[in-house]
Amino acid sequence: MIVANSLTKRYPGGFEALAGVSFEIRAGEMILVTGHSGAGKTTLVKLIASIERPTSGSLVVNGQNLSALRRSAIPYVRRHFGMIFQDQKLLFDRTTLDNVMLPLQIAGLPHRDAVRRAQAALDKVGLLAREKANPIALSGGEQQRLAIARAVVNRPTVLLADEPTANLDHESAHDIRSLFAEFHRVGVTIVVATHDQSWIELCHGNTLRLDHGRLA
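Predicted, not measured: the structure shown is a model, and the values here were computed from it.

Undergrad: Even after reading the chapter, I still don't get the pattern of salt bridges, so can you show me in this structure?
TA: When the charged atoms of two side chains lie near each other, side chains of opposite charge can form a pair. Evaluation of the coordinates by the stated rule reveals seven salt bridges. Ionic pairing is found between Glu182 and Lys124, a salt bridge with its closest N-O pair at 3.0 Å. In this pair, Glu182 sits in helix 6 (residues 170-185) while Lys124 sits in helix 4 (residues 111-124), placing the two residues 58 residues apart along the sequence. The partly exposed category is assigned to Lys124, whose relative accessible area is 42%. The shortest N-O distance in the salt bridge between Glu142 and Arg130 comes to 3.5 Å. A residue pair is termed long-range when its members are at least 10 positions apart, and Glu142 in helix 5 (residues 140-152) and Arg130 in the loop between helix 4 and helix 5 qualify at twelve residues. Judged by its relative accessible area of 17%, Glu142 falls in the buried class. On the basis of relative accessible area, Arg130 is assigned to the partly exposed category, the value being 27%.

Parameters and conventions
Residues numbered from 1 in each chain as written. Predicted model: local features only at pLDDT ≥ 70, side-chain atom pairs only at ≥ 80, totals over all residues. Heavy atoms only, no water. Salt bridge = Lys/Arg side-chain N within 4 Å of Asp/Glu carboxyl O. Helix = DSSP H or I, 4+ residues; strand = E, 2+ residues; numbered from the N terminus. Buried < 20%, exposed > 50% of the residue type's maximum accessible area, 1.4 Å probe, protein only.

Below you can see the structure in the form of structure tokens.
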């Protein structure tokens, strides 16, 4: 499903965020990517999502070598991913429903179908009653659930998350982990980059630990 071979990411100035990382994540696995601040967790997630491209090495997802893709093909590849950012990247000039509909509109889904799919995603995360609300009116935990609904509305095969429980209270963080467990049960491949050690049990010990850009 996801195979990295000598994956390296070097930024201008010579900083090496990842150095020769190799691993394999099988379809349907739930993997925790952990390590100290600056270890390379966010860089790894961005490489898998094709937000950034590796300096060297290969990264194969669903049989496609992402490092060799034409840039014009990347938007189509990303449709197979659901991405949850640490800062959520919500649109505060649109309603909750509109935020979730956006990926479907970009994919060209008819409006009626997009509304139905977006409402189903909001219902899944317990936010259907807030579909007309502006995201600014939601709590931190609700905003994170909104970001999850937007990430899964396209029914991705791979769900990527960068610190999905950062800055949440204990109860909200527990709710988010429970949602991820539900997606894992239906076969979604999940990669979570986080400092939060509460994820370890949920991931059944499946952990990639990074240390200064290398697998520890």
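Read on for the rest.
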